[in-house]
Amino acid sequence: MSETDRMPHPGRTSAERRALDRIGCGEPPGCSPKTLRRLLDDGLLIDQGGEVRRDALGSYQVPSYVMPLAVHYQWCSAVAFTDEEMAAFEAELEAQA
């Protein structure tokens, strides 16, 4: 199986894939509004509204986004180690110990 066969969300731009990777790991998407809008419109992300925070300058909204469960499963499957990759990784860890 090649690396592109396991790529999460094939057909997406590199900016979209980076944003999905960040969201999949629990981080903010860190992408342009245009990229974010495409991911929301295509159902790959859900806007959770976020939270309102307050500082010396007043209130501001901190947005929050998540992947729908089915999208997150697809992402997890694509980025997970194969059995062979996991064995190699574990052997490398043992060699360092």
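Now for a quick tour of the structure. (Residues numbered from 1 in each chain as written. Predicted model: local features only at pLDDT ≥ 70, side-chain atom pairs only at ≥ 80, totals over all residues. Heavy atoms only, no water.)

### Thoughts on the environment of phenylalanine 89
Relative to the elements of secondary structure, phenylalanine 89 occurs in helix H4 (residues 83–96). In this structure phenylalanine 89 comes out as partly exposed when scored by relative accessible area, which is 36%. In this structure, the C-alpha to C-alpha distance between phenylalanine 89 and cysteine 25, residues 64 residues apart in sequence, is 20 Å. (Helix = DSSP H or I, 4+ residues; strand = E, 2+ residues; numbered from the N terminus. Buried < 20%, exposed > 50% of the residue type's maximum accessible area, 1.4 Å probe, protein only.)

### Some thoughts on the nonpolar core
Counting 12 residues, the largest nonpolar core consists of Ala19, Leu20, Ile23, Leu36, Leu39, Leu40, Leu44, Leu45, Tyr65, Met67, Val71 and Trp75. Of all the secondary-structure elements, those providing two or more residues to this core are helix H1 (14–24), helix H2 (33–41) and helix H3 (69–79). (Core = buried A, V, L, I, M, F, W, Y, C linked by side-chain atoms within 4.5 Å.)

### Notes on the packing of H1 against H2
At their nearest, the axes of H1 and H2 sit 10 Å apart, and the two run at 70° to each other. As judged from the angle between their axes, H1 and H2 are roughly perpendicular. Here H1 contributes Ala15, Glu16, Ala19 and Leu20 to the contact with H2, which in turn contributes Thr35, Arg38 and Leu39. (Axes fitted to C-alpha atoms, helices over the stretch in contact; angles between N-to-C directions. Parallel < 35°, antiparallel > 145°, perpendicular 65-115°, else oblique. Contact = heavy atoms within 4.5 Å.)

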